[in-house]
Amino acid sequence: GQQVMQIPQYQHVQEGEDFTTYCNSSTTLSNIQWYKQRPGGHPVFLIQLVKSGEVKKQKRLTFQFGEAKKNSSLHITATQTTDVGTYFCAGLHRNDYKLSFGAGTTVTVRA
Amino acid sequence: NAGVTQTPKFRILKIGQSMTLQCTQDMNHNYMYWYRQDPGMGLKLIYYSVGAGITDKGEVPNGYNVSRSTTEDFPLRLELAAPSQTSVYFCASSYVTEALNTEAFFGQGTRLTVV
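Residues numbered from 1 in each chain as written. Chains lettered and ligands numbered in written order. Predicted model: local features only at pLDDT ≥ 70, side-chain atom pairs only at ≥ 80, totals over all residues. Heavy atoms only, no water.

Engineer: How do you make sense of the overall build of chain B when you look at a structure like this?
Structural biologist: Within chain B, the regular secondary structure consists of zero helices and eleven strands. Order of helices (α) and strands (β) in chain B, N terminus to C terminus: β-β-β-β-β-β-β-β-β-β-β. Taking 2.2 N^0.38 as the reference for a compact globule, 115 residues should give roughly 13 Å; the C-alpha atoms of chain B span a radius of gyration of 14 Å, in line with that estimate. Its C-alpha atoms give chain B principal-axis dimensions of roughly 45 × 25 × 25 Å. A burial count over chain B gives 46% of its 115 residues as buried. Taking the intrachain contacts of chain B between residues at least 6 apart in sequence as the baseline, contacts between residues at least 24 apart amount to 54%. Total accessible area computed for chain B in this model is approximately 5600 Å², and 52% of it derives from carbon and sulfur atoms. Averaged over its 9 positive side-chain charges, chain B has a centre that lies 13 Å from the centre of its 9 negative ones. (Helix = DSSP H or I, 4+ residues; strand = E, 2+ residues; numbered from the N terminus. Rg over C-alpha atoms; globule rule 2.2 N^0.38 Å. Buried < 20%, exposed > 50% of the residue type's maximum accessible area, 1.4 Å probe, protein only. Contact = heavy atoms within 4.5 Å. Areas by Shrake-Rupley, 256 points an atom, 1.4 Å probe, with all protein chains shown as cover. Lys, Arg positive; Asp, Glu negative; His and termini not counted. Charge placed at Lys NZ, Arg CZ, Asp CG, Glu CD.)

The structure is reproduced here in structure tokens:
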């Protein structure tokens, strides 16, 4: 079946450091979305990437969509305590537009 | 702006009982989804619907049923609850066409415990 894989599952980061989380799909995606879930909360939309090779930035967050539209990454620079939470990628598949989530990367920050 | 509303927020069920998780959205979205999230895990798709009268299975549909009689409502039914169904359940909705799709809006979640 269609799967979206995400690594790493956990990321422990020193405040001020950078990190990247990666997302891979077994099939070509129509687009990819990224969400953030704070502890005890619900997923909240961050961004959507649609075009092959697309790069978008939101302050310290940089999102990329691969040329083949099968992979994506989220890079956070100068991590802050407000970045704590779980980051999910979610792929929209071309054939049925079903939104499939990766397992998420849970980020903790050491002050 | 209500968005996606789920009820109840918390529920404890005994093994073998049944219940319906309610979900309603007021954004006129065509797509609606039910996900479950086990502790420390990602979101697994249970069922989804592309419009009123149409539903389809996701990754983990066993033990659940859904219906979509209106655009707004997408209830999830648990029959014969089992401990393995202890989880947090999220309903979500989005607007999807071939040319456009919006972000998914999530409800606040229902924390279900089966004992």
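Engineer: In this structure, what is going on with unusual backbone geometry? I would like to understand it.
Structural biologist: Residue Pro8(A) follows Ile7(A) across a cis peptide bond; omega there is -5°. When you line up the elements, Pro8(A) lands in the loop between β1 (4-7) and β2 (10-14). Cis geometry is adopted by the peptide bond preceding Pro8(B), which originates at Thr7(B) and carries an omega value of -5°. Locating Pro8(B) in the fold gives a position in the loop between β1 (4-7) and β2 (10-13). In the Ramachandran plot, Leu80(B) falls in the positive-phi region, its phi being about 50° despite a non-glycine side chain. Here Leu80(B) is to be found in the loop between β8 (76-78) and β9 (87-94).

Engineer: Explain the sheet that holds β8(B) here, please?
Structural biologist: The strands that make up a sheet are held in pairs by hydrogen bonds between backbone atoms, and each pair lies either parallel or antiparallel. All names here are of chain B. Taken in spatial order, the four strands line up as β1-β3-β8-β7 in an open sheet, and their pairing is antiparallel. Two strands in the sheet have a free side with no partner beyond their single neighbour: β1 and β7 (64-66). Averaged over all adjacent pairs, the angle separating strand axes in this sheet is 20°, with direction ignored. Pairing of β1 with strand β3 (residues 19-25), which is carried by four bridges, proceeds in the antiparallel orientation. (Pairing = 2+ DSSP bridges. Axes fitted to C-alpha atoms, helices over the stretch in contact; angles between N-to-C directions.)

Engineer: Even after reading the chapter, I still don't get the state of the cysteines, so can you show me in this structure?
Structural biologist: As used here, a disulfide is simply a covalent bond connecting the sulfur atoms of two cysteines. Residue and element names in this part refer to chain B. Taken as a whole and judged by the stated rule, the model has two disulfides over all chains. Paired through a disulfide, Cys 23 and Cys 91 show a sulfur-sulfur distance of 1.8 Å. Across the S-S bond linking Cys 23 and Cys 91, the dihedral sits near -70°, which makes this disulfide left-handed. A residue pair is termed long-range when its members are at least 10 positions apart, and Cys 23 in strand β3 and Cys 91 in strand β9 qualify at 68 residues. (Disulfide = S-S within 2.5 Å.)

Engineer: Explain the packing of aromatic side chains here, please?
Structural biologist: The geometry of an aromatic ring pair comes down to the distance between the two centres and the angle between the two planes. Counted by the stated rule, this structure contains 13 aromatic pairs over all chains. Ring geometry for Tyr35(A) versus Phe45(A): centroids 5.7 Å apart, planes at 75°, classification edge-to-face. Of this pair, Tyr35(A) sits in strand β4 (residues 29-37) while Phe45(A) sits in strand β5 (residues 44-49), and the two are ten residues apart along the sequence. With a relative accessible area of 0%, Tyr35(A) lands in the buried category. Ring geometry for Phe101(A) against Phe106(B): centres 5.8 Å apart, planes inclined by 80°, an arrangement best described as edge-to-face. (Phe/Tyr/Trp six-rings, centres within 6.5 Å; stacked < 30°, edge-to-face > 60°.)

Engineer: Teacher, can you tell me more about the environment of Thr21(A) here?
Structural biologist: Residue and element names in this part refer to chain A. Structurally, Thr 21 can be placed in strand β3 (residues 19-25). Its relative accessible area of 0% is what places Thr 21 among the buried residues. Excluding anything up to four places from it in sequence, Thr 21 contacts Gln 6, Ile 7, Pro 8, Trp 34, Ser 72, Ser 73, Leu 74 and Thr 105. Side chain to side chain, Thr 21 and Gln 6 meet in a polar contact 3.5 Å long. (Polar contact = N/O pair within 3.5 Å; in protein donor to acceptor, adjacent residues only side chain to side chain.)

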